[in-house]
Amino acid sequence: MQEKGNISIHTENIFPIIKKFLYSDHEIFLRELVSNAVDATQKLKSLGQLGEFKGELGELKVKVSVDKEARTITISDRGLGMTAEEIKKYINQIAFSGATEFVEKYKEKDAAAKDQIIGQFGLGFYSAFMVADNVEIFSKSYKEETEGAHWICDGSTEFTLETTDKTDRGTDVVLHVAADSDEFLEPARLRTILTKYCKFLPIEIEFEDAVINQTQPIWVKQPSELTDEDYTTFYQELYPFSEPPLFWIHLNVDYPFNLTGILYFPKVKDELQFQRNKIQLYSRQVFITDEVKDVVPEFLMLLHGVIDSPDIPLNVSRSFLQADAAVKKINTYITKKVADKLAELFRKDRSGFEEKWSDIGMFVKYGMLSADDKFYDKAKDFVLVQNTAGKYFTLSEYQEFVQANQKDKAEQTVVLYTTDAEAQHSFVQAALDRGYDVLKLDTVLDSHFIGQLEQKLEKVTFKRVDADTIGKLIEKDETIESVLSDDDKTKLQELFAKAIGNEHMHVQVEALSPQDAPVIITVPEFMRRMKDMQRAGGGGGMQMFGSLPDSYTVSVNANHPVAQRVLSATDEASHQLARQAFDLALLAQGMLKGEALTAFVKRSADLLTA
Ligand SMILES: Nc1ncnc2c1ncn2[C@@H]1O[C@H](COP(=O)(O)OP(=O)(O)OP(=O)(O)O)[C@@H](O)[C@H]1O
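The structure displayed is predicted, hence computed values, not measured ones. (Residues numbered from 1 in each chain as written. Predicted model: local features only at pLDDT ≥ 70, side-chain atom pairs only at ≥ 80, totals over all residues. Heavy atoms only, no water.)

Engineer: With reference to specific residues and values, describe the sheet that holds strand S11 (residues 259–265).
Structural biologist: In spatial order, the strands read S10-S11-S14-S12-S13; together these five strands make up an open sheet with mixed pairing. In this open sheet, the two strands that pair with only one neighbour each are strand S10 (247–253) and strand S13 (286–289). Averaged over neighbouring strand pairs, the angle between their axes works out to 20° when direction is ignored. On top of the sheet, helix H8 (residues 325–348) reaches S10, S11 and strand S14 (304–308); it is set at about 135° to S10, its chief contact. (Pairing = 2+ DSSP bridges. Helix = DSSP H or I, 4+ residues; strand = E, 2+ residues; numbered from the N terminus. Axes fitted to C-alpha atoms, helices over the stretch in contact; angles between N-to-C directions. Contact = heavy atoms within 4.5 Å.)

Pasting the structure below:
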């Protein structure tokens with residue numbers, strides 16, 4: 001018996017469209033055909049369990065083979081097979097109409113959306129025509145007393161269907177590779193594709209006499225069955241040659257959506273080293289993509305691992321994905337899981353948590369800043385800050401620690417911090433000498449983090465150690481008497497302003513302790529933050545500060561012996577001394593550079609020999 005027929009679909013000739021548009025992603029044909037074979041095999045296994053199939057299951061491997069001479073690729077399974085009627089129904093109708101629907105959707109999209117849709121839309125069986133100009137199916141159903149069926153089609157709407165003497169249950173799909181798809185006749189290429197998409201399929205896939213997949217990847221197992229070594233070994237398999245992960249989270253939900261997976265916290269100290277797209281997305285163990293944007297919250301994009309969910313709609317465009325309710329729930333779920341895991345680590349092993357802090361601090365702060373309030377609310381109890389002595393505190397521990405000493409006259413707790421303990425050393429030292437404590441807040445996220453804490457914590461402000469002279473950094477009621485008369489102060493102010501000769505350096509004479517430096521340059525906290533935000537590209541309201549030059553306060557210490565010397569020296573000597581004292585202050589701020597530095601070195605030598 002032979003039947004020739006016409007497949008009734010609405011769009012004529014979808015084949016050239018698919019072939020043309022999907023050029024970059026031709027390789028997915030193999031993923032589609034192998035997953036069909038796996039599905040057919042699993043369906044048969046389920047029928048066996050239900051008692052609807054009573055025969056022997058026998059070997060159930062899916063075999064992929066290539067014959068370079070004959071120019072064919074064959075995908076064979078021993079699954080449930082199809083009768084001729086079923087081929088008409090499932091292949092002629094479903095597969096073709098799926099492809100038609102795809103093309104319809106595809107035509108509507110703009111270029112960017114097309115890129116998105118590629119590889120995310122299961123083109124199914126029809127994708128075979130991306131690489132083959134002729135496809136044959138040999139199939140024999142598991143149902144008793146049915147004949148084998150042989151279908152041939154060249155991707156057009158015409159097909160031939162006849163009986164065949166295939167006796168073994170299952171389906172062989174034979175692709176006659178097109179002239180422009182020679183690359184797929186190379187076994188090495190096929191192996192690469194199989195490893196990329198099929199490495200964790202649940203049925204064994206054999207290629208060149210070897211099984212290429214693990215049918216039971218660890219994420220489908222119960223955490224209780226697994227050891228730490230299982231997790232780290234799996235990590236090495238996913239990311240060979242990388243440092244062991246810090247810890248991991250095994251995800252496992254089946255209501256209200258279905259999701260399994262393992263997320264690893266990588267060990268990365270350098271922020272620039274972070275690599276995105278390290279999480280692989282699977283749908284029922286079939287690799288889909290490593291573009292997990294929108295599925296995983298932004299701040300967790302830096303994690304590694306796998307997520308497997310049949311509930312993630314892969315066949316829709318990006319904008320839809322963002323709005324998708326399941327995706328939102330998944331996002332929330334993952335965020336919660338990560339917060340819970342971190343809280344548990346903190347609770348159970350504080351010192352281990354502190355050791356890992358330099359790696360996980362980034363995630364936590366980024367999460368507090370970008371995720372929903374629920375994450376902040378959990379994280380505020382385990383986020384750590386470290387002081388210049390290297391000791392870690394939680395936020396509440398730290399407030400407790402400094403409040404006796406660092407309350408200003410308005411009862412605000414002033415938290416002092418440094419963004420660079422080396423460069424700001426003299427200021428840090430001055431604060432420590434005063435009995436204050438100084439935090440190290442030196443990562444790229446910290447300025448935003450500080451802003452957030454000031455909003456959320458009550459009566460707490462942050463000041464960088466060089467925001468003011470030590471006496472005014474935390475304003476108390478006490479004042480230090482000046483040994484200079486008001487006239488002398490004015491004179492001193494003028495002398496220094498002249499010696500400095502820079503309008504952005506605001507000179508003021510202050511009564512500081514004689515032990516403090518003769519001149520101190522500070523950057524008011526507010527102005528510095530504005531400039532920082534501007535540098536970080538903060539748009540909006542920041543623009544109005546666009547033309548603001550850097551602005552500094554130069555405090556001349558009225559009670560330092562240098563003040564007296566400047567006042568009593570001759571014009572020339574007084575100018576030299578003022579300039580020297582100012583340069584020392586620049587030096588302490590790491591601001592003495594170029595010509596000024598050369599002049600300073602020379603002047604210092606002169607003063608040594610004077
Ligand atoms: N190897 C096979 N064995 C048995 N039936 C098959 C096989 N391959 C395809 N089919 C049948 O053909 C139908 C259409 O396949 P196709 O791959 O186009 O779509 P799908 O698998 O239903 O969905 P998807 O678009 O996700 O791949 C399948 O649903 C299945 O019933």
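Engineer: How would you sum up the nonpolar core? Please name residues and give values.
Structural biologist: By size, the foremost hydrophobic cluster in this structure holds 60 residues, and its most contacted members are Phe29, Val34, Trp151 and Leu175. Counting residues per element, this core draws most heavily on helix H2 (residues 28–50), at seven residues. When residues are assigned to domains, this core turns out to be shared by domain 1 (13–211) and domain 2 (218–347), each giving three or more. By size, the runner-up hydrophobic cluster in this structure holds 57 residues, among which are Ile279, Leu281, Val292 and Leu395. (Core = buried A, V, L, I, M, F, W, Y, C linked by side-chain atoms within 4.5 Å. Buried < 20%, exposed > 50% of the residue type's maximum accessible area, 1.4 Å probe, protein only. Domains from an automatic or database assignment.)

Engineer: Tell me about the pattern of salt bridges, and please be specific about residues and values.
Structural biologist: All told, the structure shown has 33 salt bridges when counted by the stated rule. Notably, a salt bridge pairs Arg529 with Glu454, separated by 2.7 Å at the nearest N-O pair. Here Arg529 is found in helix H16 (residues 525–535), whereas its partner Glu454 is found in helix H13 (residues 446–456), with 75 residues between them in sequence. (Salt bridge = Lys/Arg side-chain N within 4 Å of Asp/Glu carboxyl O.)

Engineer: I'd like a description of the packing of aromatic side chains, backed by residues and values.
Structural biologist: Two descriptors summarise a pair of aromatic rings, namely the distance from one centre to the other and the angle between the planes of the rings. In total, this model carries 26 aromatic pairs according to the counting rule given. Taking 5.3 Å as the distance between ring centres and 80° as the angle between the ring planes, the aromatic pair formed by Phe29 and Phe184 counts as edge-to-face. Taken together, the positions of Phe29 in helix H2 and Phe184 in the loop between strand S7 (170–177) and helix H5 (187–198) put the pair 155 residues apart, joining distant regions of the chain. One exposure class covers both Phe29 and Phe184, and it is buried. Centroid distance Phe265 to Phe363: 4.9 Å. Interplanar angle 70°. Geometry classified as edge-to-face. Of this pair, Phe265 sits in strand S11 while Phe363 sits in helix H9 (residues 350–370), and the two are 98 residues apart along the sequence. Its relative accessible area of 1% is what places Phe363 among the buried residues. In textbook terms, an aromatic cluster arises when at least three aromatic residues are bridged by ring pairs, as seen for Tyr197, Phe200, Trp219, Phe234, Tyr282 and Phe287. The lysine or arginine in question, Lys391, covers the ring of Phe393, its NZ or CZ lying 5.1 Å from the ring centre. (Phe/Tyr/Trp six-rings, centres within 6.5 Å; stacked < 30°, edge-to-face > 60°. Lys NZ or Arg CZ within 6 Å of the ring centre and 35° of its normal.)

Engineer: Lay out the pairing of strand S3 (residues 72–77) in plain terms, naming residues and giving numbers.
Structural biologist: Most of S3 sits out of view: six of its six residues are buried. Covered by surrounding structure in S3 are Thr72, Thr74 and Ser76 together with Ile73, Ile75 and Asp77, the residues of both alternating faces. The hairpin formed by strand S2 (residues 62–67) and S3 contains four residues between the paired strands, and Arg71 there has a positive phi angle of roughly 60°. Of the strand pairs in this sheet, S3 and S7 are connected by six bridges, and their pairing is antiparallel. The partner of Thr74 across the bridge, within S7, is Val174.

Engineer: Mind laying out unusual backbone geometry, listing which residues take part and the relevant values?
Structural biologist: Of the consecutive residues Tyr255 and Pro256, the connecting peptide bond is found in the cis state with omega at 0°. Within the secondary structure, Pro256 is located in the loop between S10 and S11. Of note, Glu145 is a non-glycine position whose phi angle comes to about 55°, a positive value. Here Glu145 falls in the exposed class, since its relative accessible area comes to 81%. Positioned with a positive phi, Arg284 is a non-glycine residue whose angle comes to about 50°.

Engineer: So what's going on with helix H17 (residues 561–568)? Residues and values would help.
Structural biologist: Within H17 the residues assigned to the buried category are Ala563, Val566 and Leu567. Around the axis of H17, the buried residues are gathered within 100° of arc, so they sit on the same side. Among the exposed residues of H17, those oriented more than 90 degrees off its buried face are Arg565 and Ser568. Looking at the buried side of H17, the elements it contacts are helix H15 (486–500), strand S22 (552–557) and helix H18 (571–588). (Arc of directions from axis to C-beta.)

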